[in-house]
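Next come the chains, spelled out residue by residue.
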Amino acid sequence: MCGCQIPHEKVFKHPLRREGEQHGVTVQSFCFGRYPVTQAQWKAVASFPQINRELNPNPSHFQGANRPVECVSWDDAEEFCLRLLHHTKKQYRLPSEAEWEYACRAGTKTAFHFGETLKTDLANYNGKYGGEGDYRQETTEVGSMKFANRFGLYDMHGNVWEWCQDHWHDSYEGVPTDGSAWINTSHNTKGRILRGGSWYTGLANCRSMRRLYANSGQEHNTYGFRVACSSSWIL
């Protein structure tokens, strides 16, 4: 899987629950998928031996081998990463929320890595709700907008929401500052986080800091993901 190595950052200002509320995070170097996982990639990994759960090899509503896979839950995305890990012996996983935002921003401090606003010739989102442009009403092939951020990553705004490792928390007391996922070990919760907006969402929901809550078992034709890798090996 083609990817980029994201450089180490000593202090990254990561927003918390509300926009403008930030804390310092130390993000270690990691590898990240250049694009969201495609339907062709999903189908290939779904054929690997099962670890914890079955995977539908063709779950997507909008069909196309090079379109992002969607209609996949957090549980499905986690199973995908586990199968890939066992098959390749590389540390594939979902990104932490801090890693995702650091990768999306790529050193920028604006609402989008493009700047303070967005147009639909730069990203696939609902142009009827903010910004300028069209409403395509479906996903597009990954990378088809042909505009990457400074880290070489495509589709970080729009197309599909992307699952992160982290549990959802109403309070941010005790949030990790090392860039790792905030996993709830005190009690069982199914709430997880998605980032990045989608083909269906308006401009505001595609901002770098925007967060979405969903049940880990929930599937939707706006939900996809991309994979991270903890080692220096390129995806």
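The following refers to the structure shown. Because the structure is predicted, anything quoted here is derived from the model rather than measured. (Residues numbered from 1 in each chain as written. Predicted model: local features only at pLDDT ≥ 70, side-chain atom pairs only at ≥ 80, totals over all residues. Heavy atoms only, no water.)

### Regarding the overall build of the chain
Next up, step 1: Scanning the chain from N- to C-terminus turns up 3 helices and 10 strands.
Next up, step 2: If you list the helices and strands of the chain from N to C, you get β-β-β-β-α-α-β-α-β-β-β-β-β.
Next up, step 3: Expressed as a percentage of its 235 residues, the buried residues of the chain come to 55%.
Next up, step 4: If you take every contact in the chain between residues at least 6 apart in sequence, the share linking residues at least 24 apart comes to 71%.
Next up, step 5: Surface exposure of the chain reaches about 10600 Å², of which carbon and sulfur atoms provide 47%. (Helix = DSSP H or I, 4+ residues; strand = E, 2+ residues; numbered from the N terminus. Buried < 20%, exposed > 50% of the residue type's maximum accessible area, 1.4 Å probe, protein only. Contact = heavy atoms within 4.5 Å. Areas by Shrake-Rupley, 256 points an atom, 1.4 Å probe, with all protein chains shown as cover.)

### Topic: the environment of C4
Next up, step 1: Here C4 shows up in strand β1 (residues 3–6).
Next up, step 2: For C4, a relative accessible area of 8% translates into the label buried.
Next up, step 3: A C-alpha to C-alpha distance of 5.4 Å links C4 and F32, two positions 28 residues apart in sequence.
Next up, step 4: Among residues more than four places away in sequence, those in contact with C4 are F30, C31, F32, R34, F151, G152 and L153.

### Some words on the pattern of salt bridges
Next up, step 1: For the structure on display, the rule yields 9 salt bridges.
Next up, step 2: A salt bridge links R211 to E97; its shortest N-O distance comes to 2.5 Å. With R211 in strand β8 (residues 211–215) and E97 in helix α3 (residues 97–105), this residue pair connects regions lying 114 residues apart in the sequence. Judged on exposure class, the residue R211 and its partner E97 are both buried.
Next up, step 3: Across the salt bridge formed by R226 and E162, the nearest N and O atoms sit 2.8 Å from each other. Separated by 64 residues along the polypeptide, R226 in the loop between β9 (223–224) and β10 (228–229) and E162 in strand β6 (residues 161–167) bring together distant segments of the chain. In this structure, R226 and E162 share a single accessibility class: buried.
Next up, step 4: Residues joined in a network through salt bridges with shared partners are E97, E101, R105, R195 and R211. (Salt bridge = Lys/Arg side-chain N within 4 Å of Asp/Glu carboxyl O.)

### Points about unusual backbone geometry
Next up, step 1: The phi dihedral of K89 is positive, around 65°, even though this residue is not glycine.
Next up, step 2: Assessed through its relative accessible area of 63%, K89 is described here as exposed.
Next up, step 3: Phi at Q137 is positive, roughly 65°, even though this residue is not glycine.
Next up, step 4: Mapped onto the elements, Q137 comes out in the loop between α3 and β6.

### What about the side chain of H113?
Next up, step 1: Relative to the helices and strands, H113 resides in the loop between α3 and β6.
Next up, step 2: When sequence neighbours within four positions are dropped, the list of residues in contact with H113 reads C104, R105, T108, A148, N149, M156, H157 and S208.

### Observations regarding the pairing of strand β4 (residues 30–33)
The side chains of a regular strand alternate between the sheet's two faces.
Next up, step 1: Along β4, one buried face is formed by F30 and F32 and the opposite face, lined by C31 and G33, is buried too.
Next up, step 2: Looking at chain direction, β4 and β10 are connected through 2 bridges and run antiparallel. Bridging from a neighbouring strand, F32 pairs with A228 of β10. (Pairing = 2+ DSSP bridges.)

### Notes on the sheet that holds β8
Next up, step 1: Here 4 strands make up an open sheet; going across it, the order is β8-β7-β6-β9 and the pairing mixed. Since the sheet does not close on itself, it has two edges, and those belong to β8 and β9, each with one partner.
Next up, step 2: Across 2 bridges, β6 lies against β9 in parallel orientation. Counted as the bridge partner of E162 is G224 from β9.

### Looking at helix α1 (residues 39–46)
Next up, step 1: Where α1 is concerned, the buried positions are Q39, W42, V45 and A46. One face of α1 carries all of its buried residues, which in axial projection span an arc of 130°.
Next up, step 2: Tucked into the core, α1 has its buried residues touching α2 (74–88). (Arc of directions from axis to C-beta.)

### What to know about the side chain of D166
Next up, step 1: By the element assignment, D166 lies in strand β6.
Next up, step 2: For D166, the side chain forms a polar contact with the main-chain nitrogen of E97, separated by 2.7 Å.
Next up, step 3: A polar atom in the side chain of D166 sits 2.8 Å from the backbone nitrogen of W182.
Next up, step 4: The residues contacting D166, other than those within four sequence positions of it, are P95, S96, E97, S180, A181, W182, I183, G191, R192 and I193. (Polar contact = N/O pair within 3.5 Å; in protein donor to acceptor, adjacent residues only side chain to side chain.)

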